[in-house]
Structure formats: structure tokens, C-alpha cells
Amino acid sequence: MNRFHEMTVFLAVADAGGFAAAARRLEMSAPSVTRSVAALERRLGALLLVRTTRSLRLTEAGQRYAADCRRILDEVEQADDAAAGAMAVPRGALSITAPALFGELHVMPAVLGYLRGHRQVSLRALLVDRVVNLVDEDIDVAVRIGALPDSSLTAVPVGHVRRVVCAAPGFLSAHGEPADPESLHRFCTITAAMEGRGPQWRFLQDGQSLRLNMQSQLTVTSFQAAVAAAREGWGLTQVMSYQVAPHLASGALQVVLRDFEMPPVPVHLVYPEGRKSSAKVRSFVDFCVEALRRDLAALPA
């Protein structure tokens, strides 16, 4: 059997976490997938997968081999694309990821604009509020909001967003504005506590970072829900500026505690360095960078 095919089947099993799921993804029969992996292990003389009745996991050798397979198959795909002319004409499948609401508000308009001009590209957008591993989930381009850890990813800055506290004008007229972060406990507040984020509001006071554990009467797991409650006059909430930009522009919400805001948060487009020569990745990044820089520059100050 072709070695590249064996690698593809093995990676599908590793990514899907099972032979049946990999078979469906590859449109093969489950016995064929099982035989392919078994033949690969025999040829290598190494156990790549540990199978039980309930689970499947990669051995240490399997983890190393999976990483090598991804690199090799990616290079093969780039070589094929170059030979077929993909270096000049973007085409093929492209996968991107972005935070859910930022993706809906800013990335999707860029995606639609890009696809209108590149009919040979098909795109999958994973809009989720978690950090997606680009290699493990086969993602070509990601939008990251926040400081970036050191990595081999190529990063292109597109702008900044702010962490703001806001409320409806009617609420502020009735209850006044907090003078400083410590006075927030006297006000009704709405906290968006997402997975992996506690009920903390962040500020900068006297040059020092300040994190307040909020005891909000209303806690939600959706930024949209927090913004909606604030617009209804329920109380104050802390969100990212892009999440409330239309409501700030219309006057439906007002920002308070500006003097205590943390420094602006950077936004980047990132992609694996090995894929930078692909025409579909390069052209999408160029298009999206221009669109996001324009959008973020237009956000209310």
C-alpha cells in the first residue's frame, strides 16, 4: 500500500479517535482502515495505537510519528499545489478559526468578500470561544485576541480591542457612575463567565493590574446575553469593545471607568509557518488582514 495513503489513514484514526469514525471520514470500510493501520505498524515494527474496547490513544512513538506525518503530508500537498499551479491561483479547501462573536461580526464579512473573488476555494469556519490547536484540528488560519505565546506560528497584527465597562444611559441616570473599580460592589453588575474564565473583571489602577472577583447578581455564559442585559438597563458589564461597538455608536450603551481600563488587547492572524507558501492561505491572509485592520480602526474610541 502507498506509504502516503497509510499516513493519511493513520492520521484520520488518530484525529477521529477511532477506526469507525476515520472510516466514515475517509469513505472507506472500517476493516480496510484497521488493516491499513495494522500493516503500517508491522512495517514500522512499532506500536502506534493502544486500543481498548472503549478508547484509543497514541503511544509515544505514535505521537512522534503523527507529527512527522502531518509535516510530510503538508509538504506533499504544497508540492502538488505548486506543480498544479496553485501557487498562482488559490484553490482547494481552507479552514479557519476565530472567537465566536468576533468571527460573526468581523471575520465572516471578510470571508464572504474573499470567497466572492475566489470561487475555486471552499472554506470551513470554526467559530468557538476556545484556543484551537491549528495542527491537531487541521486549521490553516486563526484569529487570536490577546498576547501570543512564543511559537512557530507566523503572526500578522491587525489591530487592538479594549476591555470596557458599560451600561445603558437610563441605568446610569438612575444609579450614577462608579468612581473607581472598588465601588462596583454597590451597583448591579452582569458578568460573562465563559469556560476557562472566572468571574473576574480586570482593571489598571495606579499602574498596577487589578483583578476583582465579582459577585454579580446575574452571571451568564454568553457575551451576547451580558450585552443584551446591559442594554435592558439591568446593570454594568465588562466586555470587549468590539462586542458592544454598534451599541456604543448608537448611544444605547455608555462606557464608564475609562481611566481604569487595561492596555488595549492585540489581535493577530496566525498560521503555521510551513503553509505560508500556499496561494489559498497567502491570499486569504492578505485579504483578511486588510479587512480586519479597516474594521478595528473604525471601532468607537
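Residues numbered from 1 in each chain as written. Predicted model: local features only at pLDDT ≥ 70, side-chain atom pairs only at ≥ 80, totals over all residues. Heavy atoms only, no water.

A. Spatial organisation of the overall build of the chain. The helix and strand tally for the chain stands at nine helices and 14 strands. When the backbone C-alpha atoms are referred to their principal axes, the chain occupies close to 75 × 45 × 35 Å. Out of the 301 residues in the chain, the part that is buried amounts to 45%. Once local pairs closer than 6 in sequence are excluded, the contacts in the chain between residues at least 24 apart make up 73%. When the accessible surface of the chain is split by element, carbon and sulfur atoms take 51% of a total near 15,700 Å². The average position of the 32 basic charges and that of the 30 acidic charges among the side chains of the chain differ by 5 Å. (Helix = DSSP H or I, 4+ residues; strand = E, 2+ residues; numbered from the N terminus. Buried < 20%, exposed > 50% of the residue type's maximum accessible area, 1.4 Å probe, protein only. Contact = heavy atoms within 4.5 Å. Areas by Shrake-Rupley, 256 points an atom, 1.4 Å probe, with all protein chains shown as cover. Lys, Arg positive; Asp, Glu negative; His and termini not counted. Charge placed at Lys NZ, Arg CZ, Asp CG, Glu CD.)

B. Examining the packing of aromatic side chains more closely. Evaluation of the coordinates by the stated rule reveals four aromatic pairs. Ring centres of Phe-10 and Tyr-65 lie 5.6 Å apart, and the angle between their planes is 55°; this geometry places the pair in the tilted category. Here the residue Phe-10 occupies a position in helix α1 (residues 3-16), and Tyr-65 occupies one in helix α4 (residues 60-84), the gap between them amounting to 55 residues. You can call Phe-10 buried: its relative accessible area is 0%. Overall, the relative accessible area of 15% leaves Tyr-65 in the buried class. Here the aromatic rings of Tyr-114 and Phe-284 are separated by 5.3 Å at their centres, their planes lie at 90°, and the arrangement is edge-to-face. Separated by 170 residues along the polypeptide, Tyr-114 in helix α5 (residues 100-117) and Phe-284 in helix α9 (residues 279-297) bring together distant segments of the chain. A residue is classified by how much of its surface remains accessible, and Phe-284, at 1% relative accessible area, is buried. (Phe/Tyr/Trp six-rings, centres within 6.5 Å; stacked < 30°, edge-to-face > 60°.)

C. View of the nonpolar core. Counting 31 residues, the largest nonpolar core has Phe-102, Val-141, Val-143, Val-161, Leu-269, Phe-284 and Val-285 as its most contacted members. The set of elements that each furnish at least two residues to this core consists of β3 (92-98), α5, β5 (141-145), β6 (153-161), α8 (241-250), β14 (265-272) and α9. Of all the elements, α9 adds the most residues to this core, at eight residues. In contact with Val-143, other than residues within four places in its own chain, are Thr-97, Ala-98, Pro-99, Phe-102, Val-107, Val-267, His-268, Leu-269 and Leu-292. Listed in part, the 19 residues of the second largest apolar core include Phe-10, Ala-12, Leu-48 and Leu-56. (Core = buried A, V, L, I, M, F, W, Y, C linked by side-chain atoms within 4.5 Å.)

D. Expanded view of the sheet that holds strand β8 (residues 189-192). The mixed open sheet is built from five strands, whose spatial order is β11-β8-β12-β7-β13. Each of the sheet's edge strands pairs with one partner strand only, and the pair in question is β11 (218-220) and β13 (254-256). Taking the axes of each pair of neighbouring strands and ignoring which way they run, one obtains an average angle of 35° across the sheet. The pairing of β8 with β11 spans three bridges and is parallel. Bridge pairing in β11 places Ile-190 opposite Leu-218. With respect to the sheet, helix α7 (residues 223-231) is in contact with β8, β11 and β12 (236-240), its orientation differing from that of β8 by roughly 170°. The strands touched by α8 are β7 (163-167), β12 and β13; relative to β12, the strand with the most contacts, the crossing angle is about 115°. (Pairing = 2+ DSSP bridges. Axes fitted to C-alpha atoms, helices over the stretch in contact; angles between N-to-C directions.)

E. Here's a closer look at α8. Counting buried positions over the 10 residues of α8 gives seven, a clear majority of the element. For α8, the full list of buried residues reads Ser-241, Tyr-242, Gln-243, Val-244, Ala-245, His-247 and Leu-248. Backbone geometry just downstream of α8 places Gly-251 in the positive-phi region, at approximately 90°.

F. Expanded view of the packing of α7 against α8. At their nearest, the axes of α7 and α8 sit 10 Å apart, and the two run at 30° to each other. One finds that α7 runs roughly parallel with respect to α8. Pair α7 / α8 crosses with right-handed handedness. Every residue of α8 that contacts α7 at Phe-223, Val-227 and Arg-231 is listed here: Gln-243, Val-244 and His-247. Its residues placed into classes, the contact of α7 with α8 shows three nonpolar, two polar and one charged. (Parallel < 35°, antiparallel > 145°, perpendicular 65-115°, else oblique. Left-handed = near helix turned anticlockwise from the far one by under 90°. Nonpolar A, V, L, I, M, F, W, Y, C, P; charged D, E, K, R; others polar.)

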